Amino acid sequence: MALSLNACILLLKEHHLLKSSAVQSDISVEMTGIAYDSRKVSGPTLFFCKGAHFRPIYLSMAKDNGATTYVAEKPFVEGNGLNALIVTNITKAMAILSAAFYDFPQDDLVITAYTGTKGKTTAAYFNRGILEEAYPKHVALFSTIDRVLGPNPDQRFKSDLTTPESLDLFHDMREAVDNGMTHLVMEVSSQAYLRNRVFGLTYDIGFFLNITPDHIGPNEHPNFANYLHNKMQLLVNARKVVINAETDHFDEVYAAATTTTYPDSIYLFASTDFEPARDDIQIDFRFESTEADTATSKFTVIPVTDKAAELNVGGHYSLSLIGDFNESNATAAIIGAGLAGVDAASAVPGIAKIKIPGRMESLAVSEHGTVYVDYAHNYASMKALLSFIEKEYNKPRILVVVGSPGDKGVSRRAGFAKVLTEYANVAYLTTDDPGFEDPADIIDEIDRDIDHDKVEVHKVLDRREAIEAAIKASGSDDIVVVAGKGADPYQKVRGVDTPWPTDMVVVTEIAESL
């Protein structure tokens, strides 16, 4: 991979990002490296001065390591002797130049992208499972849990971010293409648009699953309007669009889709008992639950319109991932597969066997009922989970272990208090990625809004101790829910990813000790 200084200048001008340039070398000389971390600079490199915590010494280090050009929003004395590209927006510039450096790998992939407050990971895994049935060992995945860049075990990695920095994103796309991948299923977070990580990227198929208040706080979105705006950008940048017609703020979401996509390329889906508020809205696909219990989920996908029928994905489906709320995510995945050219013959077996780490994992514990581990990390996802359990087990005693992250998602804390009041009998408030906040303060904030006449509350800072206390306190007919972290293998504490065995491993260890 390489990129010339001249190509950089032309690309930045094309996107109206270049303020000025200072050229110290032959404009045609190519840079064979690209980085925003000075420690990763080696040889002739294009270096980005980005981030709120960027320090000029990083540029000096990059220069010492061989950088020949830097990109920044202002000139740095430390960059004397280097080519300087001064831009209006460093994160947009990095996205554009990274895509070019890696030779636009998105052009060699069929890209399906999902956004939504909840369900992104589940829908993405379902979609990949179907595509893998049709195109074995040719489907990449960029998710909250895993990054799958190829068919071999050493080409699979744990994710740090739902959507990584643009440079890393295009690097991984290039790796996937070079590894023989033809399709990519990816989650796209609202932060990805807020931070311009996917600036300039167009998806073949874009999904909007749902929207509820989340990720609002001092280090994230300033308000819900900003959160919604960033979520909707995925629709503006997709060639074909699929929308859950039952989402809140549907009118705004649908309007965003129609700004860049013809109505014939927009597909709507909903459950059979949902009726749109507008007469001009035609639902293309309906789904109907036929059986959902503690072992399986069975449902039917029904094409309604002619364009829906053309995809040949209607029929009866079964899921290994329990919970009727997952049928909506599964329907989205089935439609996405259909738009990617895969019909029900592959969709039915492809989706049936998918299990997702940290999503509705369960373990029966002798004399202590059943324990569920789930990533549910906001009001909407927790409500879907607890309401399903309440219905399936006929209003059992529910004990919930949950915390809330520090430094982000501040709005989740009141949401947890609300849903615990609505469904839980006992709550064990504990630590969950406290970051730079005091976990005791986060717990107190959740506890403050819980109705203590309805919920028995225990504050247990140590997460393992909280899980153990909940299981030991449960009876044979009770349900314990361990929520929030799913399969996360670490706790984020004061800037350090502290190893954590995962909730399910801890649950299993405790169960075996009993």
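Being a predicted model, the structure only gives us computed values, none of them experimental. (Residues numbered from 1 in each chain as written. Predicted model: local features only at pLDDT ≥ 70, side-chain atom pairs only at ≥ 80, totals over all residues. Heavy atoms only, no water.)

A. Focus on helix α3 (residues 90–101). For α3, which comprises 12 residues, the first-to-last C-alpha distance of 16 Å matches the rise-based estimate of 16 Å (1.5 Å per residue) to within 8%. Most of α3 sits out of view: 11 of its 12 residues are buried. When we look at burial in α3, the residues that qualify are Ile 90, Thr 91, Ala 93, Met 94, Ala 95, Ile 96, Leu 97, Ser 98, Ala 99, Ala 100 and Phe 101. (Helix = DSSP H or I, 4+ residues; strand = E, 2+ residues; numbered from the N terminus. Expected span 1.5 Å × (residues − 1). Buried < 20%, exposed > 50% of the residue type's maximum accessible area, 1.4 Å probe, protein only.)

B. Main features of the nonpolar core. Ranked by internal contacts, the top residues of the largest apolar core, which has 71 residues, are Tyr 114, Phe 285, Tyr 317, Met 382, Val 400 and Val 481. Residue contributions to this core peak at 7 residues, all from helix α10 (residues 326–339). Among the nonpolar cores identified, the runner-up in size contains 68 residues, and Ala 99, Leu 167, Ala 245 and Ala 256 belong to it. (Core = buried A, V, L, I, M, F, W, Y, C linked by side-chain atoms within 4.5 Å.)

C. How the structure looks around the sheet that holds strand β24 (residues 479–483). Spatially, the 6 strands line up as an open sheet ordered β19-β20-β24-β21-β22-β23, and their pairing is mixed. The open sheet terminates on both sides in strands that have one partner only, identified here as β19 (361–364) and β23 (456–459). The sheet shows a mean angle of 15 degrees between the axes of neighbouring strands, direction not considered. Of the pairings in the sheet, the one linking strand β21 (residues 398–402) to strand β22 (residues 426–429) comprises 4 bridges and is parallel in character. Note on β22: the bridge partner recorded for Val 401 is Tyr 428. Those strands touched by helix α12 (residues 379–392) are β20 (370–374), β21 and β24, and its axis lies near 160 degrees from that of β21. The strands that helix α16 (residues 503–513) touches are β19, β20 and β24; relative to β19, the one it contacts most, it runs at about 5 degrees. (Pairing = 2+ DSSP bridges. Axes fitted to C-alpha atoms, helices over the stretch in contact; angles between N-to-C directions. Contact = heavy atoms within 4.5 Å.)

D. Broad picture of the packing of helix α13 (residues 411–423) against helix α14 (residues 439–448). Across the interface, α13 lies against α14 with an axial gap of 7 Å and an inter-helix angle of 50 degrees. When the interaxial angle is binned, α13 and α14 end up oblique. When the axes of α13 and α14 are compared, the crossing they make is right-handed. Packed against α13, whose contacting residues are Arg 413, Phe 416 and Ala 417, the element α14 presents Ile 442, Glu 445 and Ile 446 at the interface. Grouping the constituent residues of the contact of α13 with α14 by class yields 4 nonpolar, no polar and 2 charged. (Parallel < 35°, antiparallel > 145°, perpendicular 65-115°, else oblique. Left-handed = near helix turned anticlockwise from the far one by under 90°. Nonpolar A, V, L, I, M, F, W, Y, C, P; charged D, E, K, R; others polar.)

E. Seen up close, the side chain of Arg 174. Inspection of the secondary structure puts Arg 174 in helix α5 (residues 166–178). According to the relative accessible area criterion, Arg 174 is buried, its value standing at 10%. If near-sequence neighbours (up to four positions away) are discounted, Arg 174 is found in contact with Met 1, Tyr 102, Asp 103, Phe 104, Pro 105 and Asp 108.

F. Broad picture of the pattern of salt bridges. Considering all chains together, one arrives at 24 salt bridges under this definition. The shortest N-O distance in the salt bridge between Arg 147 and Asp 172 comes to 2.8 Å. With Arg 147 in strand β10 (residues 146–148) and Asp 172 in helix α5, this residue pair connects regions lying 25 residues apart in the sequence. In terms of burial, Arg 147 and Asp 172 fall into one category: buried. Between Lys 485 and Asp 433 there is a salt bridge, with the nearest N and O atoms lying 2.8 Å from each other. Here the residue Lys 485 occupies a position in the loop between β24 and β25 (490–493), and Asp 433 occupies one in the loop between β22 and α14, the gap between them amounting to 52 residues. Residue classification places Lys 485 among the buried residues on the basis of a relative accessible area of 0%. Overlapping salt bridges bring together Asp 432, Asp 433, Lys 485 and Asp 488 as one network. (Salt bridge = Lys/Arg side-chain N within 4 Å of Asp/Glu carboxyl O.)

G. Layout of the state of the cysteines. In the structure shown here, the tally under the stated rule is 0 disulfides. Of the cysteine sulfurs around Cys 8, a residue in no disulfide, the closest is that of Cys 49, at 14 Å. Given a relative accessible area of 7%, Cys 49 falls into the buried group. (Disulfide = S-S within 2.5 Å.)

H. Main features of the sheet that holds strand β9 (residues 139–142). If you walk across this open sheet you meet the 11 strands as β11-β10-β9-β12-β8-β13-β14-β15-β16-β17-β18, and the pairing is mixed. Since the sheet does not close on itself, it has two edges, and those belong to β11 (156–158) and β18 (315–319), each with one partner. Mean inter-strand twist for the sheet, computed between neighbouring axes without regard to direction, equals 20 degrees. When strand β14 (residues 238–244) meets strand β15 (residues 266–271), the two strands line up parallel, connected through 4 bridges. Within the sheet, the bridge partner assigned to Ile 243 lies in β15 and is Leu 268. Contacts between α10 and the sheet are confined to β8 (110–115), β13 (203–208), β14, β15, β16 (285–292), β17 (297–303) and β18, with β17 contributing the most and set at about 45 degrees to the helix.

I. Helix α11 (residues 344–352), seen in detail. Taken as a whole, α11 has its buried residues at Ala 344, Ser 346, Ala 347, Gly 350 and Ile 351. Seen along its axis, α11 keeps its buried residues to an arc of 155 degrees; they face one direction. Looking at the packing, one finds that the buried side of α11 touches α4 (120–134), β18 and α10. For α11, the N-terminal capping position is held by Asp 343, with its side-chain oxygen 3.1 Å away from the main-chain nitrogen of Ala 345. (Arc of directions from axis to C-beta. Polar contact = N/O pair within 3.5 Å; in protein donor to acceptor, adjacent residues only side chain to side chain.)

J. Structural view of the environment of Lys 395. On the secondary structure map, Lys 395 appears in the loop between α12 and β21. On the accessibility criterion, Lys 395 (63% relative accessible area) is exposed. Put simply, Lys 395 and Asp 478 are 83 residues apart on the chain and 9.6 Å apart in space, counted from C-alpha to C-alpha.

K. Just the environment of Gln 106, in detail. Structurally, Gln 106 is set in the loop between α3 and β8. Its relative accessible area of 13% is what places Gln 106 among the buried residues. As for Gln 106 and Ser 28, which are separated by 78 residues in sequence, their C-alpha atoms are 25 Å apart. In this structure Gln 106 touches Ala 99, Ile 111, Phe 170, Met 173 and Leu 201, once residues within four positions along its chain are discounted.

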